[in-house]
Each structure stands twice: as structure tokens, then as C-alpha cells.
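For reference, the chains in residue letters:
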Amino acid sequence: SSLSASCWSHLHLVNMFNSYNMKFHHSKALTSPYPGSHTERSQVPEDKVGWLTEWKDYNPVEYTAKSVLAGPSWADPQINDEGFSPKFNERDGEVERRSLNGLYVVENGRPRNPVGRTGLTGRGLLGRWGPNHAADPVVTRWKRDGSGNKVAHPVTGKNILQFIAIKRRDCGEWAIPGGMVDPGEKVTATLKREFEEEALNSLQKSPEEKARLEKQLQKLFSQEHFVVYRGYVDDPRNTDNAWMETEAVNYHDETGEMMDNLPLEAGDDAGVVKWVDISEKLELYASHSYFIKLVTEKRGAHWSEDPGSECHE
């Protein structure tokens, strides 16, 4: 599924804005059984997650899903397959094998998860050895009343922000309409494509309708935007040799004119799509609430009635 990154993504961050002061933690990446299977991970105690901690008896389970081994276009071959010699930590032809978090170790020909042990080797459900790149577009506007005036929250007095959310078919969670970056594709193109496919059902549109949508979206996606987060994601599909990374970007329609007449229609992996009022009461999947909270801070919008509130998972 092109959208599985959005549904499963999860991370723990200490300082979103300072990549040098960032602390990662494996929680979802220790999920057992492994998603979509009966395979149990080897148990990894919290104090043994980091590679710097010596653990001679570490004996992870090897697992790669049959759907990956079948050799679809989005997946690599097995490491030892004839003719497969991936260039890790580099742009490898059309495939981006560089990590957003810097260089990673390659051991016995396999990339090593930069955050630590997961109790499972191979690729699981992920197509690429090493980083698997995704993108999450957060499209926002101000909530307005019938007269077109911004609506403020009665307690905080801050204006209420809205974003376009999709309800995923596979896990029933509300989420940001994101997905995987295709080989050779720029992240900016992924953000726009995924939004069109998931929130506007562009795959089912006629060429004429698609052209009209493209024209309408061009202004929104070509304006100045805010990069919410770039980097590693603690995801239940992660293994010792393959992991998720994402780039979450906020595209904001300040006047509402660009998005007001946009025909929202759920497509691809989305069951429902709609504008949602943003507050801490929103129940979004995993890290998406954190991304949304950061956008409200950037825009000075309402988040919580409790001024000391933090974002909880």
C-alpha cells in the first residue's frame, strides 16, 4: 500500500527543531508479532536496543514477507541475489539510499538500523534495504464562520486551524494523506501526488478534471511551506536492516480561497476525507498528532485549553 507509512508511522522526539539534540526510542519497532504475520520478534530489553551495548547472545529472527520476496517494482532483490549490488549511503540510480539522519553502518553487506536492535532481521514488509522514504502533506486553513471571519476558540481565544484528514481503509484511523516516495521522484512531487490521490481521488478522474485539479493545487503547493519534520520513524514494520523515514510538510491556505472550492473525494487507500478542526482532542494515528501540534505552534493556532498541555500519544 502506498499509504502504509502514514498509518504505521510512530516516533518519540525530544526536540523537533534541533536535529542534533534529538533522541529516538524504539517502541513500535519492537511490536510482536510482526504486522501481517505470526512471526514473533526476539525480545529486546530496553537497555539492549542500542548497538553500542554489547550483546553476544543477540539472536534475531529473520523474516521478509512473501509480498516483498515476490519481486514487485517497489522492492529490492535479496542481498545475495546475482547482479544486485546496492550502493548504500548513496543515491543508487533512481533509488534514494541515503538516510535523512546521516550515514548508517553496513555490516555483512546489510544496512544496520541507525536507532538500534528490533529483534528481527531481513526486510519484513518493507521493500528497500536501509531507509524506506515516505512523505506526509499537512494541508491547513483557518476555520471560518458563515460571514468568512476566522473562528476563535472560546477558552483560549486563539483561531482554530483545520486540516485535510483521511480515514484509512486498512486500520480505520484518521491520518495525514501521505505515502511512499517513488524511485526518482522528488519529495515535493510525492507530497502533491499523494494528496491528489488520497484526498481528491485523482486516479479516477478524467484528463480534463485532473488538469483542473492540477491548476487549482499549483498555487497551494508552489507557495512557501513549513517542513514540520524530516527523519527516522519508529514504525512496527522496521527491522534491523530496513526502516521508515518521512518528511512532513505543511501547506497553508491563509485566505481559504485556494481550497474552498476543492472537491474533496476519498481515493486509493482512503475511506473518508474531510476538513477536521485541530485540537489536542483529535485522535490521530501515532506521530501524526505530534506533527499537527507543531503546525499549530508555528501558526499560533488553538491546540489545548490547558496552556501547559503536551502532545501525548
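These figures come from a predicted structure and were not determined experimentally.

Definitions and cut-offs
Residues numbered from 1 in each chain as written. Predicted model: local features only at pLDDT ≥ 70, side-chain atom pairs only at ≥ 80, totals over all residues. Heavy atoms only, no water. Helix = DSSP H or I, 4+ residues; strand = E, 2+ residues; numbered from the N terminus. Axes fitted to C-alpha atoms, helices over the stretch in contact; angles between N-to-C directions. Parallel < 35°, antiparallel > 145°, perpendicular 65-115°, else oblique. Left-handed = near helix turned anticlockwise from the far one by under 90°. Contact = heavy atoms within 4.5 Å. Polar contact = N/O pair within 3.5 Å; in protein donor to acceptor, adjacent residues only side chain to side chain. Buried < 20%, exposed > 50% of the residue type's maximum accessible area, 1.4 Å probe, protein only. Pairing = 2+ DSSP bridges. Expected span 1.5 Å × (residues − 1). Bend = angle between axes of the 7 residues up to and from the residue. Salt bridge = Lys/Arg side-chain N within 4 Å of Asp/Glu carboxyl O. Phe/Tyr/Trp six-rings, centres within 6.5 Å; stacked < 30°, edge-to-face > 60°. Lys NZ or Arg CZ within 6 Å of the ring centre and 35° of its normal.

**Q** Lay out the environment of alanine 134 in plain terms, naming residues and giving numbers.
**A** For alanine 134, the location among the structural elements is in strand S7 (residues 130-142). Each C-alpha atom of the pair alanine 134 and valine 233 lies 9.8 Å from the other, and the pair is 99 residues apart in sequence.

**Q** Give a detailed account of the packing of helix H3 (residues 187-199) against helix H4 (residues 207-222), specifying residues and quantitative values.
**A** Each pair of packed helices can be summarised by the angle the axes make with each other and by the distance between the axes. Taken N-terminus to C-terminus, the directions of H3 and H4 make an angle of 135°; their axes are 12 Å apart at the nearest point. Regarding the angle of H3 to H4, the classification is oblique. Along this stretch, H3 crosses H4, giving a crossing that reads as right-handed. Taken together, the residues of H4 that come into contact with H3 (itself represented by Leu191, Lys192, Phe195 and Glu196) are Glu214, Leu217, Gln218 and Phe221.

**Q** I'd like a rundown of the side chain of asparagine 89, residues and numbers included.
**A** With respect to the element layout, asparagine 89 can be found in the loop between helix H2 (66-69) and strand S2 (91-92). Within the structure, the side chain of asparagine 89 is placed 2.9 Å from the backbone oxygen of tyrosine 104, a separation counted as a polar contact. When neighbours within four sequence positions are excluded, asparagine 89 is seen to be in contact with Arg97, Arg98, Gly102, Leu103, Tyr104 and Val106.

**Q** Talk me through the pairing of S7; I want residue IDs and the actual numbers.
**A** Counting buried residues in S7 gives 13 out of 13 residues, a clear majority hidden from the surface. Pairing geometry for S7 and strand S12 (residues 242-253), over twelve bridges, is parallel. By the bridge assignment, proline 131 is partnered in S12 with tryptophan 243. In the sheet, S7 pairs with strand S10 (residues 179-180) via two bridges, with the strands oriented antiparallel. Considered in S10, the bridge of alanine 134 is made with methionine 180. Of the pairings in the sheet, the one linking S7 to strand S8 (residues 161-168) comprises three bridges and is antiparallel in character. Following the sheet pairing, tryptophan 142 is matched in S8 by leucine 161.

**Q** Describe H4, listing the residues and the values that go with them.
**A** Taking 1.5 Å as the rise per residue, H4 with 16 residues should run 22 Å; its terminal C-alpha atoms sit 21 Å apart, in good agreement. The largest bend in H4 amounts to roughly 30° and is located at glutamine 216. Here H4 has its buried residues at Leu213, Leu217, Leu220 and Phe221. Residues of H4 that are buried sit in contact with S7, H3 and S12.

**Q** Break down the pattern of salt bridges for me, with residues and values.
**A** Across all of its chains, the model carries 21 salt bridges by this definition. The closest approach of N and O atoms between lysine 150 and glutamate 254, which form a salt bridge, is 3.2 Å. A residue pair is termed long-range when its members are at least 10 positions apart, and lysine 150 in the loop between S7 and S8 and glutamate 254 in the loop between S12 and strand S13 (270-277) qualify at 104 residues. For arginine 193, the salt bridge goes to glutamate 194, with nearest N and O atoms at 3.1 Å. In this structure, arginine 193 and glutamate 194 share a single accessibility class: buried. Salt bridges sharing partners connect three or more residues here, namely Asp182, Glu185, Arg193, Glu194 and Glu197.

**Q** A description of the environment of alanine 301 should follow, citing residues and the corresponding values.
**A** Mapping alanine 301 onto the fold places it in the segment after helix H5 (288-299). As for alanine 301 and leucine 161, which are separated by 140 residues in sequence, their C-alpha atoms are 6.0 Å apart. With sequence-adjacent residues up to four places away left out, alanine 301 is seen in contact with Trp142, Lys158, Asn159, Leu161 and Thr296.

**Q** Account for H5, naming residues and giving values.
**A** The terminal C-alpha atoms of H5, which comprises twelve residues, lie 17 Å apart, in line with the 16 Å expected from a rise of 1.5 Å per residue. Every buried residue belonging to H5 is among His288, Ser289, Phe291, Ile292, Lys293, Leu294, Val295 and Thr296, and all of these are buried. Positive phi appears at glycine 300, one or two residues downstream of H5, with a value of about 70°.

**Q** Quick rundown of the packing of aromatic side chains? Include the residues and the values.
**A** According to the stated counting rule, one finds eight aromatic pairs in the structure shown. Measuring from ring centre to ring centre gives 5.2 Å for tyrosine 104 and tryptophan 243, while their planes differ by 80°; the resulting arrangement is edge-to-face. In this pair, tyrosine 104 is assigned in the loop between strand S3 (95-96) and strand S4 (106-107) and tryptophan 243 in strand S12, connecting sequence segments 139 residues apart. The same class applies to tyrosine 104 and to tryptophan 243, which are both buried. Within the aromatic cluster, the residues linked to one another by ring pairs are Trp51, Trp55 and Tyr58. Looking at arginine 117, its charged tip hangs above the ring of tyrosine 58, at a distance of 5.2 Å from the centre.

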